[in-house]
Amino acid sequence: MRFGSTRAIRYTTGTMILCLLGTTCARSQAVKTGTDQKPKMSEEAFKNVQVLRGIPVNEFMGTMGFFSASLGMNCTDCHVTESAGNWDRYADDTPLKQTARRMVLMMNAINRADFGGTRLVTCYTCHRGFQHPEVTPSLAEQYGSPPPADPDRVEVLAGAPDAPSAAEQILDKFIQAIGGAQQLAKLSSFVEKGTYAGFDTDFHKVPAEIFAKAPNQRTMTNHLPGGDDTTTYDGREAWVAAADTPFPLIMLTGGELDGARLDADLSFPALLKQDLSKWHVGFPPATIDERAVQVVEGTAAGGTRVKLFFDKESGLLVRQVRFIETAVGLIPLHVDYSDYRAVSGVKMPFHWTVTWVDGQSTTELTDVQPNAPVGAEKFAKPAPVASRGPAPR
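Residues numbered from 1 in each chain as written. Predicted model: local features only at pLDDT ≥ 70, side-chain atom pairs only at ≥ 80, totals over all residues. Heavy atoms only, no water.

Colleague: It is not clear to me how the pairing of strand S5 (residues 238-241) should be interpreted in this structure. Could you clarify?
Modeller: Residues in a regular strand project their side chains so that they alternate between the two faces of the sheet. A two-sided burial pattern is seen for S5, the buried positions comprising Ala 238 and Val 240 on one face and Trp 239 and Ala 241 on the other. Sheet topology note: the strand S4 (residues 227-233)/S5 ladder contains four bridges and is antiparallel. Bridge assignment links Thr 232 to a residue of S5, and that residue is Trp 239. Between S4 and S5, which pair antiparallel in sequence order, lie four residues; one of them, Gly 235, sits at a positive phi of approximately 105°. Summarising the sheet, S5 and strand S6 (residues 250-251) pair through two bridges and their orientation is antiparallel. Across the sheet, the residue bridging to Trp 239 is Met 251, located in S6. (Buried < 20%, exposed > 50% of the residue type's maximum accessible area, 1.4 Å probe, protein only. Helix = DSSP H or I, 4+ residues; strand = E, 2+ residues; numbered from the N terminus. Pairing = 2+ DSSP bridges.)

If you want it as structure tokens, here you go:
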């Protein structure tokens, strides 16, 4: 099965390397990778990191995405113009970068002094997608119709005392909807082929391949014109090797590792109830594309919150949302699934769209080979890919 994102994180110049800063966070910086291997830290990887120190490279990149979403800016808005064609120029100081450092320190001080160290104020709290926060009330907004609630952002509240049982019923309905536990048990591996399109391809379709093996191994490779883009999870570690990043190979940690693990687990969802913990049913009810959905929330092994949206009528999974921790706040990543087709008695989505703070991508399958032989080498740590540098913008 394929129920995860095409890539948990897109590491390109679009918005990721917005400000090379960092923070000495009050929260614990213990990194859970499922292995004794240590990921590279931000100050080891980048030059001129003054505030966002002591966090892994993948979390540093995710933090750049949080800044981008909060301020509605891309990388060259905050960095020098020359950085558009040279990774090294991202280290140059600019007035906006210096301001951003002060803002992060101010935000941390507010949370420590007024909220007991709990992060209740973030960049998005004030900026809301604009570089300059509004300070004057808008009468149009006050008396106008409020926008519809975003189901991704509606807080999942604990339900009735029987909520765990209710969650199990929804999950059981999903398993039955895609073919049943007995049929799923017959699926031990698969090879999928199709196309991938995203901002890193200018939304032109390129060939894509996915290899998966039960219970929890998965690799996806997108064959981009400038070089292959591979994300792999071998059951313990997750890696990204791509030519459109400042590093040829990036080890995933934290919420991104949880995401890679969940993508692999959901490829064979017969044990979905065991893959996550602390299940409960979401309330209030939600809709997606005017269809009623049932929302179930669980917690991944590393602590990442995950919301699953199931079509109330069919029982099929239509959206997954996970909330990835960064140094300055949580960033949502959601995957929409559609076009379910039966493959050897098991329904699989042949179309999914991944939306994140740094862009959007779509994968469409053209061929699925169930129980195809898949060697262990398909899930090995990928070879580094030579960086081609940032694309001019």
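Colleague: Got a minute to help me understand unusual backbone geometry in this structure?
Modeller: When glycine is set aside, most residues are seen to have a negative phi, and most peptide bonds are trans. The step from Ala 214 to Pro 215 runs through a cis peptide bond, and the omega angle for that step is 10°. Residue placement: Pro 215 occurs in the loop between strand S2 (206-213) and strand S3 (217-224). With a phi angle near 65°, Phe 203 is a residue other than glycine that sits in the positive phi range.

Colleague: Which parts of the structure should I look at to understand the environment of Thr 326?
Modeller: One can find Thr 326 in the loop between strand S11 (317-325) and strand S12 (330-343). Judged by relative accessible area, which is 1%, Thr 326 ranks as buried. Residues Thr 326 and Gly 65 lie 261 residues apart in sequence; the distance between their C-alpha atoms is 9.3 Å. Within polar-contact distance, the side chain of Thr 326 engages the backbone oxygen of Gly 329 at 2.6 Å. (Polar contact = N/O pair within 3.5 Å; in protein donor to acceptor, adjacent residues only side chain to side chain.)

Colleague: What is the right way to read the environment of Thr 219 from this model?
Modeller: The topology assignment puts Thr 219 in strand S3. Ignoring sequence-local partners within four residues, the contact set of Thr 219 consists of Glu 209, Ile 210, Phe 211, Thr 230, Thr 231, Thr 232, Lys 378 and Phe 379. Polar contacts involving the side chain of Thr 219 include one to the side chain of Thr 232, which spans 2.5 Å. (Contact = heavy atoms within 4.5 Å.)

Colleague: Looking at this model, I keep getting lost on the environment of Thr 122. Mind explaining?
Modeller: Tracing the backbone shows Thr 122 in the loop between helix H4 (95-114) and helix H5 (123-127). Linking Thr 122 and Phe 66, residues 56 residues apart in sequence, is a C-alpha distance of 9.5 Å. Discounting chain neighbours no more than four positions away, the residues touching Thr 122 are Phe 66, Met 107, Val 328 and Gly 329.

Colleague: I tried to follow helix H9 (residues 254-266) on my own but got confused; where do I start?
Modeller: Think of an α-helix as turning once every 3.6 residues; residues three or four places apart then point the same way. In a regular helix each residue adds 1.5 Å, so 13 residues correspond to 18 Å; H9 covers 18 Å between its end C-alpha atoms and thus fits that length. Burial within H9 is extensive, with twelve of its 13 residues counted as buried. Those residues of H9 that fall on the buried side of the exposure criterion are Gly 255, Glu 256, Leu 257, Asp 258, Gly 259, Ala 260, Arg 261, Leu 262, Asp 263, Ala 264, Asp 265 and Leu 266. (Expected span 1.5 Å × (residues − 1).)

Colleague: What's the story with the packing of aromatic side chains in this structure? I'm lost.
Modeller: Aromatic ring pairs are reported here in terms of the distance separating the ring centres and the angle at which the planes meet. Taken as a whole and judged by the stated rule, the model has three aromatic pairs. With a centroid separation of 5.2 Å and 50° between ring planes, the pair formed by Phe 174 and Phe 310 is classed as tilted. Highlighted residues: Phe 174 in helix H7 (residues 163-177) and Phe 310 in strand S10 (residues 305-311), separated in sequence by 136 residues. Accessibility assignment for this pair places Phe 174 and Phe 310 in one class, buried. The lysine or arginine in question, Arg 305, covers the ring of Phe 323, its NZ or CZ lying 4.7 Å from the ring centre. Of note, Arg 319 hangs over the ring of Phe 309, and the distance from its end group to the ring centre comes to 6.0 Å. (Phe/Tyr/Trp six-rings, centres within 6.5 Å; stacked < 30°, edge-to-face > 60°. Lys NZ or Arg CZ within 6 Å of the ring centre and 35° of its normal.)

Colleague: Hey, could you run me through the pattern of salt bridges in this one?
Modeller: It is possible for side chains of opposite charge to pair when their charged atoms get near one another. All told, the structure shown has twelve salt bridges when counted by the stated rule. Between Asp 93 and Arg 101 there is a salt bridge, with its nearest N and O atoms 2.9 Å apart. Assessed through its relative accessible area of 7%, Arg 101 is described here as buried. Asp 172 serves as the salt-bridge partner of Lys 273, at 2.9 Å between the closest nitrogen and oxygen. With Lys 273 in helix H10 (residues 272-275) and Asp 172 in helix H7, this pair connects stretches of sequence that are 101 residues apart. Lys 273 sits in the partly exposed class, given a relative accessible area of 29%. Each of Arg 291, Asp 311 and Glu 313 takes part in one network of salt bridges that share partners. (Salt bridge = Lys/Arg side-chain N within 4 Å of Asp/Glu carboxyl O.)

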